[in-house]
Amino acid sequence: MAKAKEDGRQSPRVEGDEKTETEMRQEVVSDEKHDSEKGLGNETSREGEQYTQIDPAIATRIAENVDDFMRLVNEANEANERERDMKLSHAFKVYPKAIAWSMILSSCLIMEGFGTAIVGSYISYPPFRDKFGTQAPNGDYQIPASWQNGIAGATNVGEIIGLQIAGVLCERWGYRYTLISALVAVTAFIFFPFFANSLAVFLVGELFQGMAWGVFQTMTVAYAAEVCPVPLRHYLTTYVNLCWIIGQFISSGVLVGLEGRQDEWGYKIPFSLQWVWPIPIGIGTFLAPESPWWCVRHGYKERAEVSLKRLARSSGFSQRDADAAMALMIYTDEMEKQLSEGTTYWDCFKGIDLRRTEIVCFIWLAQTMSGTAVGGLSSYFFQQAGISDADSFKLGWGQNGLNFVGTVATWFILNKAGRRTLVLWGMIMMFILLLITGFMGIHNPPSTAEAWTAGAMVILLSATANFSIGPVVYTIVSEIPSTRLRAKSIILARNAYNAINIAFINVVSYRQLNPAEWNWGPKAAFFWAGTNAIFTAWIFFRLPETKGRTYAELDILFENKVPARKFASTKIDNLVHGTESAQKEQVDRIISNVESRTEIRE
């Protein structure tokens, strides 16, 4: 089997000179005795606690593929324990550059949040309705439900296409250049909706913009997950959701400011503002370092080390730390090669990766089926509940402000409560709020008090979502996949999200609220309470806790098929356990080769 080389540099190594044959034998025997005394197997109970480790057979296959397995494992374990035990204050001190680069790339989602919020609000925006709408039975101009579905569906179809393109391009170009190509494309695509003189042209424009937005959705999350240590991971991945909310908040403010304009510039100005973003974000993306994990996966070990050093401050990140971090990435990559050698979409549905794919897909489906569809059409919902146009846009603006606060609040509780706990209780609270909202629509039409109560519940619903499943889903989908299949797993999950929006949510939600269609008003919340309950049950039984785990540890937990509800309690002492026999075999081979060469010389 081919040996894993490092572009001319030596394998990662610990301090000290080369060990003698006797020392190597004694070290391996000592490790074996240590584990024998502990009674460790692949998965064992010790003093009432559950422990697990790498399968020795997998460790043996890794050892056959690297030059110095003993050194690799020990340095990888050193980096693993450094990340796992790292204090948050130390992470902020050592990795400010990683935070800054990730925030710059994640800013692409501000564009998507702004654009999608503009499109979602235009169905209730007077200048746009007057230009493209038809008169409804109540005398108001409305965008026909078929066109509402078509425009929203075109955006989702575009995102699906863009996501698939991103999966191909990022394998060849890396995250940075894939994002830059999407930024260039979206700059041109904005011309379509800006100059649209019919809903058909507008629809085509949303299709093309959706393609660029699809690229943003995947690359930003994957990059954020790969440039920071464990203590910072949930901050940077949930910040992706925060960028989306910032875009929505800006769009709401713009729409409130222009709500009084009745000419075509009332809806053209918001679109023209999208041209502000691509150039500064593109420059920042070009200057950013590539993900070191991407470099390792593609055999660019020297580039990976350069990226690691650019992401950390030199005063807190020594050459020893860099060597250990490189060893951990190489070890994790080699372990995943043995678990699943391929990196195609089909490999996401094989072996243990099938379970990981199920989790990332279903958690994103849970987000969109939790009742957030009501909050996503909040301005339109408020109007159909009996609130004036001006007040509905102001409420929508306030809602986005609360969403911002909710996402920031997750930063302070997520590492204490855990991903699974926060998502589960968030879903339960949303279920209760949906029921209250639905009861406010029993009277038809609802009274002023009932209409405003329903509006308040929708705002609280959206705030709860953005305190729980809204931002946390970005952390979960970035942590659950294997590192080699991360981008493709996120693409599949996001495409599941887009597909359910096209086939179900866009069709149902617009018709529920449109007075020319089903005209359910606040009673639509009862429907979403039902879908919320289904996915809450799935979360309880199938969603594992990933808090505080390195990617190598997550690989071991999935490889050993640890049940979802035991993820948090199952311990992994270190990465060395389970590798002792593989180390011994490699040492024996090295010694045998040395003895053979000695005999030949004699």
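Here, the structure is the one placed above.
Here, residues in each chain are numbered from 1, in the same order as that chain's written sequence. In view of the model being predicted, local features appear only for residues whose pLDDT reaches at least 70, and side-chain atom pairs are presented and counted only at 80 or more, with totals across whole chains, interfaces and linings using the full set of residues. Each side-chain value is worked out from all heavy atoms of the structure, with water and hydrogens disregarded.

(A) Representation of the overall build of the protein chain in the model. Helix and strand assignments come from DSSP, with helices taken as H or I runs of at least 4 residues and strands as E runs of at least 2, each series counted from the N terminus. Each helix and strand counted, the protein chain has 28 helices and 5 strands in total. To sort residues, take the accessible area from a 1.4 Å probe on protein chains only and compare it with the maximum for the residue type: under 20% means buried, over 50% means exposed, and anything in between is partly exposed. A buried classification covers 58% of the 602 residues belonging to the protein chain. Any two residues whose heavy atoms approach within 4.5 Å at even a single point are treated as in contact. Partitioning the contacts of the protein chain with sequence separation of at least 6, the portion at a separation of at least 24 is 81%.

(B) View of unusual backbone geometry. The residue Lys-561 is not glycine, and still its phi comes out positive at about 55°. With respect to the secondary-structure elements, Lys-561 resides in the loop between helix H27 (551–559) and strand E5 (570–571). Overall, Lys-561 belongs to the exposed group, its relative accessible area being 62%.

(C) Up close: the nonpolar core. Of all hydrophobic cores here, the largest spans 128 residues; its most connected members are Phe-69, Phe-216, Tyr-331, Ile-363, Val-423 and Ile-539. Residues Ile-118, Phe-128, Tyr-267 and Phe-393 belong to the second largest nonpolar core, which totals 19 residues. Side-chain atoms within 4.5 Å link the members of a nonpolar core, which is a set of buried Ala, Val, Leu, Ile, Met, Phe, Trp, Tyr and Cys residues.

(D) Focus on the environment of Leu-339. Following the sequence through the fold, Leu-339 ends up in helix H17 (residues 319–339). Relative accessible area serves as the criterion here: at 26%, Leu-339 is assigned to the partly exposed category. Expressed as a C-alpha distance, the spacing of Leu-339 and Ser-482, which sit 143 residues apart in the sequence, is 9.8 Å. If near-sequence neighbours (up to four positions away) are discounted, Leu-339 is found in contact with Ile-58, Ile-352, Asp-555 and Glu-559.

(E) Region of the structure containing a positive patch on the surface. For patch detection, residues must exceed 30% relative accessible area and be free of salt bridges, and they are connected within 9 Å for like charges or within 5 Å for nonpolar side chains (Val, Leu, Ile, Met, Phe, Trp, Tyr). Using a 1.4 Å probe, the Shrake-Rupley method yields the accessible areas, and only the shown protein chains count as cover for residues. The salt bridge definition used is simple: a Lys or Arg side-chain nitrogen within 4 Å of an Asp or Glu carboxyl oxygen. A residue counts as positive if it is Lys or Arg and as negative if it is Asp or Glu; His and the chain ends are not included. Charge coordinates come from a single atom per side chain, which is NZ of Lys, CZ of Arg, CG of Asp or CD of Glu. On the surface, Lys-93, Lys-97, Arg-310 and Arg-313 cluster together into a positively charged patch. As for its position among the elements, Lys-93 is in helix H4 (residues 88–94). For Lys-93, a relative accessible area of 56% corresponds to the exposed category.

(F) Representation of the packing of aromatic side chains within the structure. Any two rings among Phe, Tyr and Trp, with Trp reduced to its six-membered ring, count as a pair given centres within 6.5 Å; such a pair is stacked if its planes are under 30 degrees apart, edge-to-face if over 60, and tilted if neither. Under the defined criterion, the tally for this structure stands at 29 aromatic pairs. With centroids separated by 5.6 Å and ring planes inclined at 85°, the aromatic side chains of Trp-293 and Tyr-551 adopt a geometry described as edge-to-face. Note that Trp-293 is positioned in helix H15 (residues 292–297) and Tyr-551 in helix H27, a separation of 258 residues in sequence. Accessibility expressed as a relative area gives 9% for Trp-293, which makes it buried. By relative accessible area, Tyr-551 is classed as buried at 5%.

(G) Quick look at a nonpolar patch on the surface. On the surface, Trp-173, Tyr-177, Ile-279, Ile-283, Phe-286 and Leu-287 cluster together into a nonpolar patch covering about 640 Å² of accessible area. Here the nonpolar patch takes 4 residues from helix H14 (residues 278–287), the largest share from any one element. The topology assignment puts Trp-173 in helix H8 (residues 145–173). Taking relative accessible area as the criterion, Trp-173 reaches 42% and is therefore assigned partly exposed.

(H) Spatial organisation of the packing of helix H16 (residues 301–311) against H17. Axes, fitted as lines to C-alpha atoms, cover a helix only where it is in contact. Angles between the N-to-C directions of the axes lie from 0 to 180 degrees. Running from N to C, H16 and H17 cross one another at 125°; their axes reach a closest spacing of 10 Å. Viewed along their axes, H16 and H17 adopt a mutual orientation that is oblique. As for the relative orientation of H16 and H17, their crossing is right-handed in sense. Listed contacts from H17 to Lys-301, Ala-304, Glu-305, Leu-308 and Lys-309 of H16 are Gln-319, Ala-322, Ala-325, Met-326, Met-329 and Ile-330. Of the residues in the contact of H16 with H17, the class split is 7 nonpolar, 1 polar and 3 charged. Any angle that is under 35 degrees is reported as roughly parallel, and any over 145 degrees as roughly antiparallel; angles of 65 to 115 degrees are reported as roughly perpendicular and all others as oblique. Note on convention: the crossing is left-handed when the near helix lies turned anticlockwise from the far helix by less than a right angle, right-handed when the turn is clockwise. Only Asp, Glu, Lys and Arg are considered charged, only Ala, Val, Leu, Ile, Met, Phe, Trp, Tyr, Cys and Pro nonpolar, and every remaining residue, Gly among them, polar.

(I) View of the pattern of salt bridges. Under the counting rule described, the total for this entry stands at 17 salt bridges. It is possible to trace a salt-bridge network through shared partners that takes in Asp-333, Glu-334, Lys-337 and Arg-484.

(J) Seen up close, the side chain of Ser-106. Mapped onto the elements of the fold, Ser-106 is located in helix H5 (residues 96–106). The buried category is assigned to Ser-106, whose relative accessible area is 0%. If we skip the residues at most four places from it in the chain, Ser-106 touches Thr-220, Tyr-239, Val-240 and Cys-243.

(K) Region of the structure containing the side chain of Arg-176. Along the polypeptide, Arg-176 turns up in helix H9 (residues 175–189). As a buried residue without a salt bridge, Arg-176 has its nearest oppositely charged side chain in Glu-290, at a separation of 4.2 Å. A polar side-chain atom of Arg-176 sits 2.5 Å from the main-chain carbonyl oxygen of Ala-288. Not counting residues up to four positions away in its chain, the partners in contact with Arg-176 are Thr-285, Phe-286, Ala-288, Pro-289 and Glu-290. As used in this structure description, the phrase polar contact means that two N or O atoms lie within 3.5 Å; if the pair is within protein, one of them must be able to donate a hydrogen and the other to accept it, and residues adjacent in sequence are counted only when both atoms belong to side chains.

(L) Examining the environment of Met-86 more closely. Relative to the elements of secondary structure, Met-86 occurs in the loop between helix H3 (69–85) and H4. Given a relative accessible area of 10%, Met-86 falls into the buried group. Note: C-alpha distance between Met-86 and Pro-229 (143 residues apart in sequence) is 8.4 Å. In this structure Met-86 touches Ala-91, Tyr-95, Pro-229 and Pro-231, once residues within four positions along its chain are discounted.

(M) Region of interest: the environment of Ile-269. With respect to the helices and strands, Ile-269 occurs in helix H13 (residues 265–272). You can call Ile-269 partly exposed: its relative accessible area is 25%. Sequence separation between Ile-269 and Leu-258 is 11 residues, and the spatial gap between their C-alpha atoms is 8.6 Å.

(N) Spotlight on helix H6 (residues 108–122). An ideal rise of 1.5 Å per residue puts 21 Å on 15 residues; H6 measures up with 22 Å between its terminal C-alpha atoms. Judged by how many residues are buried, H6 sits mostly within the fold: 14 of 15 residues are covered. Here the expected span of a helix is defined as 1.5 Å times the quantity of residues minus one.

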